[in-house]
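Overview (structure and organization)
Residue-level listing of the chains:
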Amino acid sequence: MTETHMPKDKGLDHTLKLLDEGYRFVTNRSDKFESRVFETRLLGEKTICMVGEKEAELFYDNAKFSRKDASPGRIQKTLFGEGGVQGLDGADHHHRKAMFMSLMTEERLNEMSAIIREEWEQEMKHNSKEEIQVYQAAKYVLTKSALRWTGVPYEQEEDIPEWADQLSDMFEDAGAVGWSHWQARQSRSKAEERITGLVERVRENTAEEVRKDSAVYHFAIHRDVNEELLDASVVAVELLNLLRPIVAIAVYIDFVLLAVHDYPEEAEKLKTEEDLHRFIQEVRRFYPFFPVAPARVKADFTWGEYTFKEGTLTLLDLYGTNHDPVIWEQPDRFQPERFQGWKESPFNFIPQGGGEFDIGHRCAGEWMTMDVLKTTLDFFVNHLSFTFIEQDLDYEMNEIPPVPESGVIIEGVQLK
């Protein structure tokens, strides 16, 4: 068979176009080339981009793709941290991932839902502001909830804003340039230093405030595939890989409230568990969250008519796959009912990545994300009364994360 060359984006480099087009960069070219796979250049490097369900199944084949050295160094120094589970493969990844998955039991997830509900009630009872910006309030509530759930101690309520700012910097400015990027790196360094000290005290049996059933204790005594304790700094990275993503759910919460504002007829239907589930699933599909997932080709292979060369950076378009008209009927319409009887696979609905939870790189916290969103949505629409003020609810598709300009502001808040 004659090798067919992938469609290729003309030009020396397209990094600036990626920054300009944001979440639509891959699909714009996929539509242009009429191909689900194409080649471009980003940051001076040959890069393959893919979108679609079959392409996602290929991308998450651990025999063909590796996550090692796939994320840019600046992202590792802000978003993920160095030495964390996202950069592992094979037995090391499987073993480390199990440490996270052991926390995703029904009991622990229910515990988190109860904490979230309690913290939202406290926030609304004690918030004296006439107007509340949902995004900022959510970051505060989620930070406090995350610290409680993981068992990371804090001395007083006044510590929470600092934690919230540091954890937010890691995902809000992960890909930024200039001062914002350095601020994100500084926030990560401070948080890692603080948690590293805590881990060392746990191992020295001097951290009496840390519960033995907590994630902090569990991670601190975790041993790798060689039965060695993880370096304390790596434990800090992994604990932040619990804390940071929980706080990042604030982005989804802002979009949940935006959907309540924009689609009031759908919000009025939210009475049952299934109604809530369909609504948040459509929020996760419809609105932008993660733009792409990166990997590198492990060894040369041929897929269909295309040849993938060892070491080539490859990006899977998550947002584009969740708006793929081959998978989704009328993908640009907000329709929660599409999830009634939806036959989900590990590759056709991938807002937080795809693949299998246990053996793949799918986000370990996806179940928690859904529970947090479901609890929050139920609280706002069924246990809270409020109105939306006139505000700018537009968001930019080339910003990551792309929260609405005003952050969604409500007023007249009262518990029912």
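Going by the structure above, here's the rest.
Residues numbered from 1 in each chain as written. Predicted model: local features only at pLDDT ≥ 70, side-chain atom pairs only at ≥ 80, totals over all residues. Heavy atoms only, no water.

Looking at helix H9 (residues 179-203)
How we decide: Think of it this way: any DSSP run of H or I at least four residues long counts as a helix, any run of E at least two long counts as a strand, and we number them from the N terminus. One less than the residue count of a helix, multiplied by 1.5 Å, gives the span that helix is expected to have. Every residue pair with non-hydrogen atoms within 4.5 Å of one another is taken to be in contact.
In this model, H9 (25 residues) spans 36 Å end to end at C-alpha, consistent with the 36 Å of a helix rising 1.5 Å per residue. Residues of H9 that are buried in the fold lie against helix H4 (73-80), helix H8 (160-172), helix H10 (215-220) and helix H11 (232-262). Within two residues after H9, Asn 205 carries a phi angle of roughly 60°, on the positive side.

Description of the packing of aromatic side chains
Rules: Only centres within 6.5 Å qualify two rings of Phe, Tyr or Trp (six-membered ring in Trp) as a pair; their planes then separate them into stacked at under 30 degrees, edge-to-face at over 60, and tilted for everything else. In this scheme, a residue with accessible area under 20% of its type's maximum is buried, one over 50% is exposed, and one in between is partly exposed, where area comes from a 1.4 Å probe on protein chains only. Put simply, a charge is over a ring when the Lys NZ or the Arg CZ is close to the ring centre, within 6 Å, and near the line of the ring normal, within 35 degrees.
Tallied over the full model, the rule gives 29 aromatic pairs. A ring pair is formed by Tyr 263 and Phe 286, whose centres lie 6.4 Å apart and whose planes are at 90°; its orientation type is edge-to-face. Taken together, the residues span a long stretch of sequence, with Tyr 263 in the loop between H11 and helix H12 (264-267) and Phe 286 in helix H13 (residues 273-286) at a distance of 23 residues. The exposure class assigned to Tyr 263 is partly exposed, which follows from its relative accessible area of 21%. The class of Phe 286 is buried, set by a relative accessible area of 12%. Between Trp 328 and Phe 339, the aromatic rings sit 5.7 Å apart at their centres with planes inclined by 50°, giving tilted as the arrangement. Of this pair, Trp 328 sits in the loop between helix H14 (318-321) and helix H15 (366-382) while Phe 339 sits in the loop between H14 and H15, and the two are 11 residues apart along the sequence. An identical accessibility class is assigned to Trp 328 and Phe 339; each is buried. These aromatic residues form a ring-pair network of at least three members: Phe 255, Tyr 263, Phe 279, Phe 286, Tyr 287, Phe 334 and Tyr 395. Positioned above the aromatic ring of Trp 328 is the side chain of Arg 285, whose terminal nitrogen or guanidinium carbon lies 5.3 Å from the ring centre.

Some thoughts on the packing of H8 against H11
The following threshold applies: For helices, the fitted line uses only the C-alpha atoms of the stretch in contact; every axis is such a line through C-alpha atoms, and the angle between N-to-C directions lies from 0 to 180 degrees. Roughly parallel means an angle under 35 degrees; roughly antiparallel, over 145; roughly perpendicular, 65 to 115; everything else is oblique. Throughout, the ten residues Ala, Val, Leu, Ile, Met, Phe, Trp, Tyr, Cys and Pro are labelled nonpolar, Asp, Glu, Lys and Arg are labelled charged, and all others, Gly among them, are labelled polar.
Remark: H8 packs on H11, axes separated minimally by 9 Å, with the N-to-C direction vectors making an angle of 85°. If you check the angle between H8 and H11, you find them roughly perpendicular. Within the contact between the two elements, H8 uses Trp 163, Leu 167, Ser 168, Met 170 and Phe 171 and H11 uses Leu 240, Leu 243, Arg 244, Val 247, Ala 248 and Val 251. Class assignment for the residues of the contact of H8 with H11 results in nine nonpolar, one polar and one charged.

Remarks on the sheet that holds strand S4 (residues 131-133)
Adjacent strands of a sheet pair through backbone hydrogen bonds, lying either parallel or antiparallel. As a reminder, the rule being used: When DSSP locates at least two bridges between a pair of strands, those strands are taken to pair.
Spatially, three strands are ordered S4-S10-S9 in an open sheet, and the strand pairing comes out antiparallel. Edge positions in the sheet fall to S4 and strand S9 (384-388), since each has one partner strand and no second. Sheet twist, expressed as the mean angle between neighbouring strand axes with direction ignored, is 45°. The pairing of S9 with strand S10 (residues 409-415) spans four bridges and is antiparallel. Each residue of the ladder has a partner; that of Phe 388, found in S10, is Ile 410. Packing of H15 onto the sheet brings it into contact with S9 and S10, and relative to S9 it is tilted by some 80°.

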